[in-house]
Amino acid sequence: MSLIQLQNEQDWNLVKEQRNRIILMKNSTTCPVSHEAFKEFQKFAADNENETVYYLNVQDSRPLSNAIAEQTGVKHESPQVLIFEGDKVVWHDSHWNITNKKLAQANENTKA
């Protein structure tokens, strides 16, 4: 499992330079719904060891979270997962819709 925390725009820009496909979770460290969604995200990461997945904690990285929302046009929510192909968001969902099963389906359905 490769689960990597992003903390700032420099981290984000480096990931975008290195990878075309990115799976990113916006997590709130104070929200019970986010806590449950993050557990599902961790299960997804463990079940998909060939994938590198990323997350940011909104409380620690609000400027990055806002920048991603602005760059993509996808309204910020937390918890939220976005799948990118290049600069384009090909799938996103939030709150109780973040489950290991839905993430696996979205990952499979959005692969080129």
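Please read all numbers here as calculations on a predicted model, not as lab measurements. (Residues numbered from 1 in each chain as written. Predicted model: local features only at pLDDT ≥ 70, side-chain atom pairs only at ≥ 80, totals over all residues. Heavy atoms only, no water.)

**Digging into the overall build of the protein chain**
1) Next: Looking only at helices and strands, the protein chain has four helices and five strands in total.
2) Next: Tracing the protein chain from N to C terminus, the helices and strands come up as β-α-β-α-β-α-β-β-α.
3) Next: Relative to a compact globule of 112 residues, whose C-alpha radius of gyration would be 13 Å, the protein chain shows 13 Å and is just as compact.
4) Next: Every one of the 112 residues in the protein chain was classed for burial, and the buried ones make up 46%.
5) Next: Per element, the accessible surface of the protein chain, about 6000 Å² overall, is 44% carbon and sulfur.
6) Next: For the protein chain, the separation between the mean place of its 12 positive charges and that of its 15 negative charges on side chains is 5 Å. (Helix = DSSP H or I, 4+ residues; strand = E, 2+ residues; numbered from the N terminus. Rg over C-alpha atoms; globule rule 2.2 N^0.38 Å. Buried < 20%, exposed > 50% of the residue type's maximum accessible area, 1.4 Å probe, protein only. Areas by Shrake-Rupley, 256 points an atom, 1.4 Å probe, with all protein chains shown as cover. Lys, Arg positive; Asp, Glu negative; His and termini not counted. Charge placed at Lys NZ, Arg CZ, Asp CG, Glu CD.)

**Some words on the sheet that holds strand β1 (residues 2–5)**
1) Next: Strands sit in the order β1-β3-β2-β4-β5 across an open sheet of five strands; the sheet is mixed. Two strands close off the open sheet at either side, each with one partner strand: β1 and β5 (88–94). The average undirected angle you get between the axes of adjacent strands in this sheet is 25 degrees.
2) Next: Pairing of strand β2 (residues 21–27) with strand β3 (residues 52–57) involves five bridges; the strand directions are parallel. Paired with K26 across the strands is L56, a residue of β3.
3) Next: The strands touched by helix α1 (residues 9–18) are β1, β2, β3 and β4 (80–85); relative to β2, the strand with the most contacts, the crossing angle is about 155 degrees. (Pairing = 2+ DSSP bridges. Axes fitted to C-alpha atoms, helices over the stretch in contact; angles between N-to-C directions. Contact = heavy atoms within 4.5 Å.)

**Quick notes on the confidence of the model for the protein chain**
1) Next: Averaged over all residues, the pLDDT of the protein chain is 96; the fraction at 70 or higher stands at 98%.
2) Next: For the protein chain, β1 is the element with the lowest average pLDDT, namely 94, and β4 is the one with the highest, namely 98. (pLDDT = per-residue confidence, 0-100.)

**Examining the pattern of salt bridges**
1) Next: Taken as a whole and judged by the stated rule, the model has four salt bridges.
2) Next: Residue K43 pairs with E40 through a salt bridge whose shortest N-O separation is 3.1 Å. Taken together, the positions of K43 and E40, both in helix α2 (residues 32–47) and three residues apart, correspond to about one turn of that helix.
3) Next: We classify K43 as partly exposed; its relative accessible area is 44%.
4) Next: K111 is the salt-bridge partner of E51, the closest N and O atoms lying 3.1 Å from each other. With E51 in the loop between α2 and β3 and K111 in the segment after α4 (100–110), the pair connects residues that are 60 residues apart, well separated along the chain. (Salt bridge = Lys/Arg side-chain N within 4 Å of Asp/Glu carboxyl O.)

**Regarding the side chain of S78**
1) Next: Relative to the helices and strands, S78 is located in the loop between α3 (62–72) and β4.
2) Next: Taking relative accessible area as the criterion, S78 reaches 18% and is therefore assigned buried.
3) Next: A polar contact is formed between the side chain of S78 and the backbone nitrogen of S28, at a distance of 3.3 Å.
4) Next: Apart from residues no more than four positions distant in its own chain, S78 is found in contact with K26, N27, S28, S34, V58 and H95. (Polar contact = N/O pair within 3.5 Å; in protein donor to acceptor, adjacent residues only side chain to side chain.)

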